[in-house]
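# Structural overview
Residues per chain, in single letters:
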Amino acid sequence: MRFSGKSQVVERVLSAAPDSVSPMTTTSPPGRTELLRPDGSPVRVLVVDDELSITELLSMALRYEGWQIRSAGDGTGAVQTAREFRPDAVVLDMMLPDMDGLTVLGRLRRELPDVPVLFLTAKDAIEDRVRGLDLGADDYLAKPFDLSELEARARALIRRAHGHESTQIACG
């Protein structure tokens, strides 16, 4: 499913139970694999976007993953919420009403230096992507985006941040 910010119905088909589950996960019905924090509590993700439709979609989809979600619609709210919520990952828009995402990223890095940050933004020029990554973002996804890709990228960031081995595919 691709999402560009316009309201639309979200339909998802869940697969059958996974073949194997790593020690860092639990299986939750119907066949979904849920990442957990090292203490066994749900993963925490902060979603920051000034487009309410995107914030609501991402919050709903990530809650469906079994994660705890908080959201903010501006940079000031993002920094405050991150300070209180202590997320395991942040999905951050580059263009916010009170400050740009790079400023928010800098403030987050001062308080939570190891939290993975995924930029989700309409700024899709190569220069913007390189700048965001060079200034400390862990990943960068341009709008419009595919929801399943964002979820997969978030899972990968969280696995790496918690020191868990990722699933590897070997050829040959």
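Residues numbered from 1 in each chain as written. Predicted model: local features only at pLDDT ≥ 70, side-chain atom pairs only at ≥ 80, totals over all residues. Heavy atoms only, no water.

### With respect to the nonpolar core
As a reminder, the rule being used: Take the buried Ala, Val, Leu, Ile, Met, Phe, Trp, Tyr and Cys residues and link them wherever side-chain atoms come within 4.5 Å; each set so joined is a nonpolar core. Throughout, exposure labels follow a simple rule: accessible area from a 1.4 Å probe, protein chains only, divided by the maximum for the residue type, with under 20% read as buried, over 50% as exposed, and the rest as partly exposed. Helix and strand assignments follow DSSP, with helices taken as H or I runs no shorter than four residues and strands as E runs no shorter than two, numbered in order from the N terminus. Whether two residues are in contact is decided by their heavy atoms, any of which lying within 4.5 Å being enough.
Counting 22 residues, the largest nonpolar core has V45, L58, W67, L120, F145 and L150 as its most contacted members. Only β4 (44-48), α1 (52-64), β6 (89-92), β7 (117-121) and α5 (147-161) provide two or more residues apiece to this core. When residues no more than four places from it in sequence are discounted, the contact partners of L120 are D49, I54, L58, V91, L92, D93, M94, L141, K143, F145 and L150.

### A short note on the sheet that holds strand β5 (residues 68-72)
Selection rule: Any two strands between which DSSP finds at least two bridges are classified as paired. Whenever a helix is involved, its axis is fitted only over the stretch in contact; in every case the axis is a line through C-alpha atoms, and angles between N-to-C directions fall within 0 to 180 degrees.
In spatial order, the strands read β5-β4-β6-β7-β8; together these five strands make up an open sheet with parallel pairing. Each edge of the sheet is formed by a strand with only one pairing partner; in this case those strands are β5 and β8 (139-142). On average, adjacent strands in this sheet sit at an angle of 20° to one another, irrespective of strand direction. The sheet contact formed by β4 and β6 spans four bridges and is parallel. Its bridge partner lying in β6, V48 is registered against L92. Of the strands in this sheet, β4, β5, β6 and β7 touch α1, which is tilted by about 170° from β5. Sheet strands touched by α5: β4, β6, β7 and β8. Its angle to β8, the strand with the most contacts, is close to 175°.

### A few points about the pairing of β7
Taking burial as the measure, the five residues of β7 include five buried ones, the bulk of the element. Across the two faces of β7 the burial is the same, with V117, F119 and T121 and L118 and L120 all buried. The pairing of β6 with β7 spans three bridges and is classified as parallel. Along β7, the bridge assignment pairs L92 with F119.

### Some thoughts on the pattern of salt bridges
To be explicit about the condition: The rule for a salt bridge is simple: a side-chain nitrogen of Lys or Arg has to be within 4 Å of a carboxyl oxygen of Asp or Glu.
Enumeration according to the criterion identifies nine salt bridges in this entry. A salt bridge links E149 to R153, with the shortest nitrogen-to-oxygen separation between them at 2.7 Å. On the criterion of helical spacing, the pair formed by E149 and R153 is a turn pair, its members being four residues apart in helix α5. Taking the relative accessible area as the measure of exposure, E149 reaches 32% and is therefore partly exposed.

### Concerning the environment of L36
Topologically, L36 is positioned in the loop between β3 (32-35) and β4. Given a relative accessible area of 16%, L36 falls into the buried group. Remark: the alpha-carbon pair of L36 and G66, spanning 30 residues in sequence, is separated by 8.7 Å.

### Considerations on the packing of α1 against α5
Rules: Should an angle fall under 35 degrees it is called roughly parallel, over 145 degrees roughly antiparallel, and 65 to 115 degrees roughly perpendicular, with every other angle called oblique. Each crossing gets its hand from how the near helix is turned against the far one by less than a right angle, where anticlockwise is left-handed and clockwise is right-handed.
Put simply, α1 and α5 touch, their axes get as near as 11 Å, and they point 60° apart. One finds that α1 runs oblique with respect to α5. At the point where α1 passes α5, the crossing takes the right-handed sense. Within the contact between the two elements, α1 uses L57, L58, A61 and L62 and α5 uses L147, L150 and E151.

Taken by themselves, the reported measurements are silent on function.
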